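Architecture and fold: a report
For reference, the chains in residue letters:
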Amino acid sequence: MAENAYEIADTVDITDLVCPMTFVTAKAALAELEIGEVLRVHLAAGEPMQNVPRSFADDGQKVLSLKEAEDGAYDLDVKKLEDE
Amino acid sequence: MAKIDNAALKKGGFMAQKQKGFYSLRLHITAGHLDSRQLIGVSKVADTFGHGYIHLTSRQAIEIPFINVEDADAVKAMLAEYGVEPGCCGARVRTVTGCQNNCLKAEENDLGIKGGRKVQWKPDACIHCGICSKVCKPGAITDDGKRIVVDYTKCVSCGKCSQKCPVASWNYQTVYNLTFGGLFGNHITKGRKLLPPVESDEQLLAVADATIQWYDDHAVAGDRFKFCLDREGWESFVPVVRKAYDEAAPEGCPKADSVEVEPAAPAAQ
């Protein structure tokens, strides 16, 4: 698989959290970044995988990719487009 | 005292209780919504004329029990002050409500109407994240990493794919999924799908009118739609409702006979 065309500025693992702390934690991590930087969110399959990406999109951020990771969870890459 | 006409009272939403002289009054409530002023009116009537409580019905309505038949006019007047009307009961056309998640069990109604989304994948924005194929419960979506293919024979128009997509890579149109001849109660029966999704409000009304007209032409007193269909023959009804569907079809809508008539589900035990 080709390397990402962007750098990951920070990574946050929310696999051991439950809704709504999943998105709250991921959102707080993105808030620390500058506009244009990319956050990688490691999240569990199921409910977090279905809802966290869409919640970022609803907040006006750009979802770049979502890929299955080696541990069976997912890596979501989000680019910060807006400050809250 | 004049003889009480229970049938007439029932028609107007007053249902006789086993306690002599008392009626439970069913209210006319659209789609399960009451505003706060209407709620105050309901509360006042329950306090003034009833026993100070209400009952929530399975169709998202309200009944006020223990109304004395002699207070019927005063009750109606008080309700009217708050913008509430009595409902109806018995053999009448009643509205049902249902979203695509179907908590209200659309298929168990004589004419079941369930909202939905007719979805279409648009390639431009797609990042092939896999969410749509994973949230699709009937497994109608396959994603090979380049193209997403929807098997519309499996799609139930729930719209989850478009709802969960993080990059807005789906177009959708609001549709209605209809089922016919459902029943709840002791002869519980799942209504049958006879048409593709209905694509406009006008088309929905045309199909509903044709259904009610056919029932009106064929039913005996107190007939439930399912029993009427079983007796008169579904083959007499299907062409009628399909004609109404096709005649009111918006542009691009599939032909009514592009879906099979769903076979009857096995009878409940």
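Residues numbered from 1 in each chain as written. Chains lettered and ligands numbered in written order. Predicted model: local features only at pLDDT ≥ 70, side-chain atom pairs only at ≥ 80, totals over all residues.

As for the overall build of chain B
Threshold: Secondary structure elements follow DSSP: runs of H or I no shorter than four residues count as helices, runs of E no shorter than two count as strands, and numbering proceeds from the N terminus. As a rule, residues whose C-beta atom has 12 or fewer other C-beta atoms within 10 Å are exposed, those with 20 or more are buried, and those in between are partly exposed; C-beta atoms are placed from the backbone. Contact definition: two residues whose C-beta atoms, as placed from backbone geometry, lie within 7 Å.
Assigned secondary structure in chain B consists of 8 helices and 9 strands. In terms of principal-axis extent, the alpha carbons of chain B reach across some 80 × 45 × 40 Å. Residues counted as buried form 30% of the 269 residues belonging to chain B. Considering only residue pairs separated by 6 or more positions, chain B has 63% of its internal contacts joining residues 24 or more positions apart.

Comments concerning the sheet that holds strand β1 (residues 8–13) of chain A
Residue and element names in this part refer to chain A. Rules: Strands pair, by our definition, only if DSSP identifies at least two bridges between them. Only the stretch in contact is used when a helix axis is fitted, and all axes are lines through C-alpha atoms; the angle between N-to-C directions ranges over 0 to 180 degrees.
Pairing is mixed in the open sheet, where 4 strands are placed in the order β1-β2-β4-β3. With one partner strand each, in any of the chains shown, β1 and β3 (62–68) form the two edges of the open sheet. Each strand of the sheet is rotated relative to its neighbour by a mean of 20°, with strand direction disregarded. Taken together, the 6 bridges between strand β2 (residues 38–43) and strand β4 (residues 74–79) define a ladder with antiparallel strand orientation. Looking at the pairing, R40 lines up with D77 of β4.

Observations concerning the interface of chain B and chain A
Short version of the rule: In this classification, Asp, Glu, Lys and Arg are treated as charged, Ala, Val, Leu, Ile, Met, Phe, Trp, Tyr, Cys and Pro as nonpolar, and every other residue, Gly included, as polar.
At the junction of the two partners, chain B supplies 8 residues and chain A supplies 10 residues. For the side of chain B that touches chain A, the per-class residue count stands at 6 nonpolar, 1 polar and 1 charged.

Observations regarding the environment of T25(A)
Residue and element names in this part refer to chain A. Tracing the sequence through the fold places T25 in helix α1 (residues 21–31). T25 gets classed as partly exposed once you count the C-beta atoms within 10 Å, which come to 17. For the pair T25 and F56, spaced 31 residues apart in sequence, the C-alpha separation works out to 12 Å. Those residues in contact with T25 that sit more than four places away from it in its chain are V12, I14 and L17.

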